[in-house]
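Summary of structural features
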Amino acid sequence: MTPHLPLALGAMNYVEIIRDASLIELAVLLLLMGVSVASWALIAMKASQLAKARAQSLTFLDTFWKASRLEAIYQTAQKLDGSPLSKVFCAGYEELTKLAQAKEGGTEGALAERLGGIENVERALHRASTAQITELENRVSFLGTVGAASPFVGLFGTVIGILSAFNQIAEQGNATLATVAAPVGNALFATAAGLFAAIPAVVAYNSFVSRIKVFDTEMSNFSADFLNIIKRHFFR
């Protein structure tokens, strides 16, 4: 048996669909085409961002666990601007540096009272982690919106197209299968366009959300490990 779907798509006259469409149908198709293009552009941009973040995070972790001095790790982390983990480390290291500088100008008890000691570093790590998650999640919700709304927008265009087709058939007074099939089939094109915009957006949204959750977990684990190292070496 030969598949019928590719033949049906190949047999469709897209120029006729556009020509016979009403203003509302055209608006729906243009809207779906616009959000589809925007979705693919966002998918490419976000995929590149997450891939860069993953590669640089692996490089940073390798440096972090192999290096013996925080200053050397900090210098490497500054070059890895696409890694959320490196930015979290930089925030904690900079806060630790401030504490060390303040300690030189006073007693340890005064330092704890004035700056809160390890709690300041912990807050800095938490703020940096939150900022990185916010940056990674930026515009991802747009994909979720496109995935959820596009099928209904396409369905709206199909309903308008079918109503218009039935009105034309009623005016002609000829309701044979030959006269009904073509306009109804053209109206269903809007639903197909909605699914074409929605499916990639949903797949990409779920993929990005799961990958961002992994980064969130990794930042939490790294912050805990970094705090333990600081407590052992600087707040004994």
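Residues numbered from 1 in each chain as written. Predicted model: local features only at pLDDT ≥ 70, side-chain atom pairs only at ≥ 80, totals over all residues. Heavy atoms only, no water.

1. Some details on the packing of aromatic side chains
- All chains considered together, the criterion is met by twelve aromatic pairs.
- Between Phe60 and Phe89, the aromatic rings sit 5.6 Å apart at their centres with planes inclined by 50°, giving tilted as the arrangement. Of the two residues, Phe60 sits in helix α3 (residues 23–66) while Phe89 sits in helix α5 (residues 84–104), which places them 29 residues apart along the sequence.
- A residue is classified by how much of its surface remains accessible, and Phe89, at 0% relative accessible area, is buried.
- Considering the side-chain rings of Phe64 and Phe226, the 6.2 Å spacing of their centres and the 80° angle between planes classify their relative orientation as edge-to-face. Here the residue Phe64 occupies a position in helix α3, and Phe226 occupies one in helix α10 (residues 189–234), the gap between them amounting to 162 residues. In terms of burial, Phe64 and Phe226 fall into one category: buried.
- An aromatic cluster of at least three residues, connected via ring pairs, comprises Phe60, Phe64, Trp65, Tyr74, Phe89, Tyr93, Phe222 and Phe226.
- Lying across the ring of Phe215, Arg54 places its NZ or CZ 4.6 Å from the centre. (Phe/Tyr/Trp six-rings, centres within 6.5 Å; stacked < 30°, edge-to-face > 60°. Helix = DSSP H or I, 4+ residues; strand = E, 2+ residues; numbered from the N terminus. Buried < 20%, exposed > 50% of the residue type's maximum accessible area, 1.4 Å probe, protein only. Lys NZ or Arg CZ within 6 Å of the ring centre and 35° of its normal.)

2. A closer look at the nonpolar core
- By size, the foremost hydrophobic cluster in this structure holds 40 residues, and its most contacted members are Phe60, Phe64, Phe89, Val121, Phe222 and Phe226.
- Residue assignment for this core shows that the elements contributing at least two residues are α3, α4 (70–79), α5, α7 (118–137), α8 (140–172) and α10.
- The biggest single contributor to this core is α10, with twelve residues.
- Among the nonpolar cores identified, the runner-up in size contains five residues, and Leu29, Leu32, Ala190 and Ala193 belong to it. (Core = buried A, V, L, I, M, F, W, Y, C linked by side-chain atoms within 4.5 Å.)

3. Remarks on the confidence of the model for the protein chain
- Summing up the model confidence of the protein chain, the mean pLDDT is 85 and the portion of residues at 70 or higher is 81%.
- Note on residues 1–8: pLDDT under 50 across the span, and zero contacts to partners over four residues away in sequence or across chains. (pLDDT = per-residue confidence, 0-100. Contact = heavy atoms within 4.5 Å.)

4. What about the UniProt feature "transmembrane region" (unreviewed entry) in the protein chain?
- Within the UniProt annotation, "transmembrane region" (unreviewed entry) is assigned to residues 23–44, 142–166 and 186–205.
- The span residues 142–166 is 100% helical and 0% strand by assignment, and the distance between its end C-alpha atoms comes to 35 Å.
- Measuring from the first to the last C-alpha atom of residues 186–205 gives 30 Å, for a span that is 95% helix and 0% strand. (UniProt positions renumbered as here; feature names shortened; annotations may be inferred.)

5. Focus on α7
- In a regular helix each residue adds 1.5 Å, so 20 residues correspond to 28 Å; α7 covers 29 Å between its end C-alpha atoms and thus fits that length.
- Every buried residue of α7 is accounted for by Ile118, Asn120, Val121, Ala124, Leu125, Ala128, Ser129, Gln132, Ile133 and Leu136.
- At the exit of α7 stands Arg139, carrying a positive phi of roughly 70°. (Expected span 1.5 Å × (residues − 1).)

6. Observations concerning the pattern of salt bridges
- Applying the stated criterion to the full structure yields six salt bridges.
- Glu218 serves as the salt-bridge partner of Arg54, at 3.1 Å between the closest nitrogen and oxygen. Here Arg54 is found in helix α3, whereas its partner Glu218 is found in helix α10, with 164 residues between them in sequence.
- In this structure, the salt-bridge partner of Asp62 is Lys66, at a minimum N-O distance of 3.2 Å. Taken together, the residues Asp62 and Lys66, both in helix α3 and four residues apart, mark about one turn of the helix.
- Taking the relative accessible area as the measure of exposure, Lys66 reaches 66% and is therefore exposed. (Salt bridge = Lys/Arg side-chain N within 4 Å of Asp/Glu carboxyl O.)

7. Topic: the packing of α3 against α8
- Following both chains from N to C, one finds α3 and α8 inclined at 160°, their axes separated by 10 Å at the closest point. With respect to α8, the axis of α3 lies roughly antiparallel. Like other packed secondary-structure pairs, α3 and α8 cross with a definite hand, here left-handed. Across from Ile24, Glu25, Val28, Leu31, Leu32, Val35, Ala38, Ser39, Leu42, Ile43 and Lys46 in α3, the residues of α8 making contact are Val140, Phe142, Leu143, Val146, Ser150, Val153, Gly154, Phe156, Gly157, Ile160 and Gly161.
- Class assignment of the residues belonging to the contact of α3 with α8 gives a composition of 15 nonpolar, five polar and two charged. (Axes fitted to C-alpha atoms, helices over the stretch in contact; angles between N-to-C directions. Parallel < 35°, antiparallel > 145°, perpendicular 65-115°, else oblique. Left-handed = near helix turned anticlockwise from the far one by under 90°. Nonpolar A, V, L, I, M, F, W, Y, C, P; charged D, E, K, R; others polar.)

8. Some details on the side chain of Ser223
- Relative to the helices and strands, Ser223 is located in helix α10.
- Within polar-contact distance, the side chain of Ser223 engages the backbone oxygen of Met219 at 2.8 Å.
- Discounting chain neighbours no more than four positions away, the residues touching Ser223 are Val88, Leu125 and Ser129. (Polar contact = N/O pair within 3.5 Å; in protein donor to acceptor, adjacent residues only side chain to side chain.)

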